[in-house]
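One-letter residues, chain by chain:
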Amino acid sequence: MAEQHSQSLSGLLSGLVQLIYYRNSGITEQMLKEQLYPDLPQQDFRILLEKMAGILRSIASADMDLNQLEAFLTAQTKKPNGITPEQATVLTKFWKSHKVKIRESLINQSKWENCLRNLSWRVDLKSQSRHLDQINTPVAIVEFELGKNNQESEFLCLELNEIKVNQLLNKLAEIEKSIGALSYIS
Amino acid sequence: MRSEGRVEIRATNHRAPIPRCPMERCDFHLERGYIEGAGPQLRGAEVLPLDMADPQTQQGTAWAGFDNVVESVSKLPQDLFAEVCQQIMLYLQCKIPGVNTLEMVERLQAAGVELDLEATKELVHVISLFFRSAAQSNMSAEELIAKLADSSSKWSKQMLQVVRHVWTEQGKLIATPEDAKHMLTVGQLVDLEWKLGMAVSSDNCRSLNHPYVTMMLKVANPSGEIISRSFEMTIPQFQNLSKQFREVATVLEMV
């Protein structure tokens, strides 16, 4: 019986995540009730749903680590109309396995700029040319595919010789240094 | 811009070959006979889906009376007309850099067709225009045939049959100017600016703690116009970018 409850709760949490974070329009509250809690009175289901949604939101919003999670859930079990220890266990297990994906979707929701969708490149070598000085010059053609949420990609195509590529690499090294410093601080 | 000479590809990462529609390659192979710019030409950030040879032609007039051309077409045996259409399709699909009209005229004359270079060029030009126009409007073979029949009374059943066949088989593969619209020409990198940011919080998440890299590229088009584009990357995406560029540098050194 307890096993059944745990499974249903697990399913409910998955459904909530689809609704809240992945904005999956294929899932509705009604569906969740019918599939997971068919025998529960509507009112009770609503209460359960809201309680779990609230807890999930708090956990995700604070990006809780396991210690924080344990403390938070323990506190919830002690509240009147809180959660049961079994429910706390299900929640813990759920967060452990879904944390990364939920975080990713939260990050993407606040990303409104162009992002780099793809990078393609090739290196060409001119073997014949009207301008003799351009023979045997290797050149890189790099294509950046850029796009914003749900919009079509824009392609930015660049031609870079060896010098330019090395200059670029120097800049990239500067960025990597900054990133290193960041990890050190945080 | 590298507008002349032969180019061999020496290395590439294993994604789709670029550019998607080799517009710059239309300038190559300016050997005897290729029509220059009979296809999409890029100017700065714009794409003009019209022939360089006839910049005034609007899409509408592509359908106006082309009796001369249809008369030329009627001089071709069905299989040769099919070949011509096929060549044009290959060009519009960016599989060949141009249609070699000199070679074509020689072939036609060897087969006994009385068409000179001018008439052949006009034929290729016009057929390219209406194929490209049809691709832009997403026409079905039947719609295309109907439009052609409207444009001139001189189309014969056999000729239209050829067009129907070629279009049904290959019409979908044409790179329309819409595809090309979001491509910019191959530019030179003028400057790269960057910033490392940390997204602390958002309306959905109090504790976002997400570092990201923003890059701003300043690129000079062949026309001299400078455009800038910025984009964001996660740290792993940035590291992948670095890795790719290191590979590029290695290949450049080796070549």
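Residues numbered from 1 in each chain as written. Chains lettered and ligands numbered in written order. Predicted model: local features only at pLDDT ≥ 70, side-chain atom pairs only at ≥ 80, totals over all residues. Heavy atoms only, no water.

Of the regular secondary structure elements, chain B holds eight helices and six strands. Ordered by position in the sequence, the α and β elements of chain B form the string β-β-β-α-α-α-α-α-α-α-β-β-β-α. Scored against the burial criterion, the 255 residues of chain B give a buried share of 47%. Summarising the internal contacts of chain B: among those between residues at least 6 apart in sequence, 61% fall at separations of at least 24. By element, 50% of the accessible surface of chain B is carried by carbon and sulfur atoms, the whole surface being about 12,600 Å². (Helix = DSSP H or I, 4+ residues; strand = E, 2+ residues; numbered from the N terminus. Buried < 20%, exposed > 50% of the residue type's maximum accessible area, 1.4 Å probe, protein only. Contact = heavy atoms within 4.5 Å. Areas by Shrake-Rupley, 256 points an atom, 1.4 Å probe, with all protein chains shown as cover.)

Here the focus is the overall build of chain A. Along chain A, the regular secondary structure elements total six helices and three strands. When the helices and strands of chain A are read in sequence order from the N terminus, they spell out α-α-α-α-α-β-β-β-α. A total of 186 residues make up chain A; the buried ones form 44% of that total. At a minimum sequence separation of 6, the contacts of chain A that also span at least 24 residues come to 50%. Accessible surface computed for chain A: about 10,500 Å², of which carbon and sulfur atoms make up 51%.

Moving on, we get to the pairing of strand β6 (residues 226–234) of chain B. All names here are of chain B. Summarising the sheet, strand β5 (residues 210–220) and β6 pair through nine bridges and their orientation is antiparallel. Looking at the pairing, T214 lines up with E232 of β6. In this structure, the hairpin formed by β5 and β6 is closed by a connection of five residues, where G224 is found at a positive phi of approximately 95°. (Pairing = 2+ DSSP bridges.)

Glancing now at the packing of aromatic side chains. Per the stated rule, a full pass over the model turns up six aromatic pairs over all chains. When the ring of F144 of chain A is compared with that of F231 of chain B, the centres are 5.8 Å apart and the planes differ by 45°; the resulting orientation is tilted. In this pair, F144 of chain A sits in strand β2 (residues 138–147) while F231 of chain B sits in strand β6, so the two residues belong to two different chains. For the pair F144 of chain A and F231 of chain B, a shared accessibility class is recorded, and that class is buried. When the ring of F130 of chain B is compared with that of F131 of chain B, the centres are 5.3 Å apart and the planes differ by 85°; the resulting orientation is edge-to-face. The buried category is assigned to F130 of chain B, whose relative accessible area is 3%. Taken together, the ring pairs connect F130, F131, W155 and W167 of chain B into an aromatic cluster. (Phe/Tyr/Trp six-rings, centres within 6.5 Å; stacked < 30°, edge-to-face > 60°.)

Quick look at the packing of helix α3 (residues 42–62) of chain A against helix α4 (residues 66–78) of chain A now. All names here are of chain A. Direction vectors running N to C along α3 and α4 enclose 155°, while the axes themselves pass 11 Å from each other. It follows from the interaxial angle that α3 and α4 lie roughly antiparallel. Like other packed secondary-structure pairs, α3 and α4 cross with a definite hand, here right-handed. On α4, the residues that touch I55, S58 and I59 of α3 are L69, F72, L73 and Q76. (Axes fitted to C-alpha atoms, helices over the stretch in contact; angles between N-to-C directions. Parallel < 35°, antiparallel > 145°, perpendicular 65-115°, else oblique. Left-handed = near helix turned anticlockwise from the far one by under 90°.)

The tendency in soluble globular proteins is for nonpolar side chains to be buried side by side. F81, F131, L144, W155 and W167 of chain B are the most contacted members of the largest nonpolar core, which has 39 residues in total. Of all elements in the fold, only α1 (67–74), α2 (78–92), α3 (101–110), α4 (117–136), α5 (141–151) and α6 (157–170) of chain B reach the threshold of two or more residues within this core. Excluding residues within four positions of it along the chain, W155 of chain B makes contact with V70, V73, F81, F130, L148, A149 and L160 of chain B. Listed in part, the 37 residues of the second largest apolar core include V17, A62 and L91 of chain A together with A199 of chain B. (Core = buried A, V, L, I, M, F, W, Y, C linked by side-chain atoms within 4.5 Å.)

Let's shift gears to the environment of L115 of chain B. All names here are of chain B. Secondary-structure assignment places L115 in the loop between α3 and α4. Look at L115 and you get buried, because its relative accessible area is 3%. Distance from L115 to S72, taken between C-alpha atoms, is 7.1 Å for residues 43 residues apart in sequence. When near neighbours in sequence (up to four residues on either side) are disregarded, L115 contacts S72, K75, L76, V105, L108, Q109, T120 and L123.

Backbone geometry follows two general trends: most residues other than glycine have a negative phi, and most peptide bonds adopt the trans configuration. Positive phi outside glycine occurs at D63 of chain A, with the angle close to 45°. Structurally, D63 of chain A is set in the loop between α3 and α4. Positive phi, close to 55°, is recorded for N138 of chain B, a residue that is not glycine. Residue placement: N138 of chain B occurs in the loop between α4 and α5.

All names here are of chain B. Along the chain, N221 turns up in the loop between β5 and β6. With relative accessibility at 4%, the residue N221 sits in the buried group. N221 sits 31 residues away from V190 along the chain, and the two C-alpha atoms are 9.9 Å apart.

All names here are of chain B. The geometry of α2 relative to α6 is characterised by a closest axis approach of 10 Å and an angle of 35° between their N-to-C directions. Regarding α2 and α6, the two cross each other, and that crossing is right-handed. On the side of α2, the interface is formed by Q78, F81, A82, C85, Q86 and M89, while α6 contributes Q158, M159, Q161, V162, V163, V166, W167 and Q170.

What follows deals with the confidence of the model for chain A. Across chain A, the average pLDDT comes to 89, with 92% of residues at 70 or higher. When mean pLDDT is taken per element in chain A, α4 of chain A scores highest with 94 and helix α1 (residues 2–20) of chain A scores lowest with 88. (pLDDT = per-residue confidence, 0-100.)

The subject of this paragraph is the pattern of salt bridges. Side chains that differ in charge, positive against negative, can pair when their charged atoms come close. Residue and element names in this part refer to chain B. Under the criterion given, the structure shown has twelve salt bridges over all chains. Across the pair E142 and R164 runs a salt bridge whose closest N-O atoms are separated by 2.8 Å. Placement of E142 in helix α5 and of R164 in helix α6 is noted, with a sequence separation of 22 residues between them. (Salt bridge = Lys/Arg side-chain N within 4 Å of Asp/Glu carboxyl O.)

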